[in-house]
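So you can see what is in the structure, the chains are spelled out below.
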Amino acid sequence: MEVDCAIDSEYADEIAALLAPPSPQAVQDYFDQLLRTRKCCSLKVEHRGQQGKGVYANKVFEEGELVLKDQMLVGAQHSSNKMDCLVCSHCFRFIGSIELQIGRKLYFESLGFVATEGNSHRNQAFSHASGESCSREMSEDEDKDTGACSDTDMKDKLILPNDVIESLMDGHLVLPCSEKFTLPSVISCPGGCEEEHYCSISCAEADWETSHSLLCMGVKQDDSRRNALLKFIEHSNGTNDIFLLAAKVISSTILKYKSLKLSHVEDQKQLKKSNGVDQSSFSLLLDAWKPISMAFKRRWWECISLPDDVGSKNETSFRMQIKELAFKSLQLLKKAIFDKDCAPLFSLEIYGHVIGMFELNNLDLVVASPVEDYFIFIDDLPHPEKEEVDRITRPFLDALGDDYSICCQGTAFFPIQSCMNHSCSPNAKAFKRDEDRDGQAVITTMRLISEGEEITISYIDEDLPYEERQALLADYGFVCKCQKCVVEEP
């Protein structure tokens, strides 16, 4: 495939301006305002030396103390995980009921659906949390297999009658003690699509206004756009669902631009009265792009790590395939939501950098399942109550098998967390506590942190040998010089 994106040459100057690194002062001002807005007065983001921006403590943090709950800028549940977990598409809280969560999972399995990851080109080591973002840690193999339902797995599971599964889903069958694990009601998408669901009207409206109104395939969308979106989504699900995240970034920037432009039109009425100077449309696009401009970015095909089965001799060919894959995705997205005022956003250069941003800066989005909590609660009941309850619930646990505790899993970009630098001897980590039931990134301390000290996390498994750590960190584009590496360097 020939990779030739006309927009890249036509809007070269605008693209360069969008990708130009913001000044240290602009970065400082942006994050100062963000931290004030989120009331994170105990933290500060600063540019210091060659390592760029980092997060520093404005107070003493004790060991085990909460450092940060960071709201995501953009995030998405993995497509393969949607059959296992019904969650709010905006905040990622589990929704519905324990019965609905169990019933729909068993329903999809009864239909023979096999959830596949479908992300052959995803960097499997891209999690800054190294699997620690959920309080119930998962092994690498468990993470890869999550959501999959093999023939062998099905043979080991109890098969429940369809009418029992339907009774769970429609609320006619109520499990004992489930009232102790109430979940928010399911709110439908405002656009009428069946892909996205929410925990509240406020979450539904927020998602609609920030990105989903352009990406919705509901009845409010015209047929041509709906068909184009379907092709884009099918391609993403069949190749790499990181494209869905990139589409959210493009969509949110367009909608922010339109909102700014609307306010700008009103302002111009006042400017004309006072002979004021008009602000260009591209300046508005730069303002809409500002949150993305603050993130570290590289072209996806340049920063993605090589799979184990791709040798150095085939590296050039592999990276070209990745570039072609991104180009194909971009063309499909362009047919669906192209906006001429925001044309530079549909350049391959911008699209590649947006995907690269997720490759380099993301944290796994993980929310623990209330279904796991429910069955743990049942197991801890005193006798003889446990015997009676277990008699009713055991068939459902046997039908779910080992998959009963699957978390909501996805990928997200967190603006403050993304500023945290790596250390092989970190003083903080991503760790979901029992009370953390939504998609926010949660950072807690591993030891006492002094006021003014930098807060660091590990992007990899810091217990690996020196050579392996350095090889993994090379994918992030730097050589680690933390104290641990300095001591262990041969």
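Starting afresh in each chain, residues are numbered from 1 along the sequence in its written order. Totals for whole chains, interfaces and linings use every residue, but because this is a predicted model, local features are given only for residues with pLDDT of at least 70 and side-chain atom pairs only at 80 or more, for both listing and counting. Hydrogens and waters are ignored; side-chain quantities use all the structure's heavy atoms.

Per an unreviewed UniProt entry, the protein goes by the name SET domain-containing protein and belongs to Aristolochia fimbriata.

**Student:** Sorry, what's going on with the pattern of salt bridges here?
**Tutor:** Oppositely charged side chains can pair when the atoms bearing their charge come close. Between Lys or Arg on one side and Asp or Glu on the other, a salt bridge is scored when a side-chain nitrogen of the former is within 4 Å of a carboxyl oxygen of the latter. In the structure shown here, the tally under the stated rule is 25 salt bridges. One salt bridge connects Asp403 with Lys157, and the closest N-O pair in it is separated by 3.2 Å. Remark: Lys157 occurs in the loop between α6 (151-155) and α7 (162-170) and Asp403 occurs in the loop between α16 (385-400) and β8 (408-413); sequence separation between them is 246 residues. Taking relative accessible area as the criterion, Asp403 reaches 17% and is therefore assigned buried. Using a 1.4 Å probe on the protein chains alone, a residue whose accessible area is under 20% of its type maximum counts as buried, one over 50% counts as exposed, and one in between counts as partly exposed. Classification of Lys157 by relative accessible area gives buried; the value is 9%. With a closest N to O distance of 3.0 Å, Asp379 and Lys386 form a salt bridge. Residue class for Asp379 comes out partly exposed when judged on its relative accessible area of 45%. Look at the salt bridges and you will find they share partners, linking Asp84, Lys105, Glu109, Lys157 and Asp403 into a network. Helix and strand definitions here come from DSSP, where helices need a minimum of 4 consecutive H or I residues and strands a minimum of 2 consecutive E residues; each element is numbered from the N-terminal end.

**Student:** Help me out: how do you make sense of helix α4 (residues 98-110) in this one?
**Tutor:** In an α-helix, one turn spans 3.6 residues; hence positions three or four apart end up facing the same way. To estimate how far a helix should reach, multiply one less than its number of residues by 1.5 Å. Taking 1.5 Å per residue as the helical rise, α4 with its 13 residues ought to reach 18 Å, and the 18 Å between its terminal C-alpha atoms agrees with that figure. Taken across its 13 residues, α4 has ten buried, putting it largely inside the fold. Within α4 the residues assigned to the buried category are Ile98, Glu99, Leu100, Gln101, Ile102, Gly103, Arg104, Lys105, Leu106 and Glu109. Directly after α4, the chain includes Gly112, whose backbone phi takes a positive value near 85 degrees.

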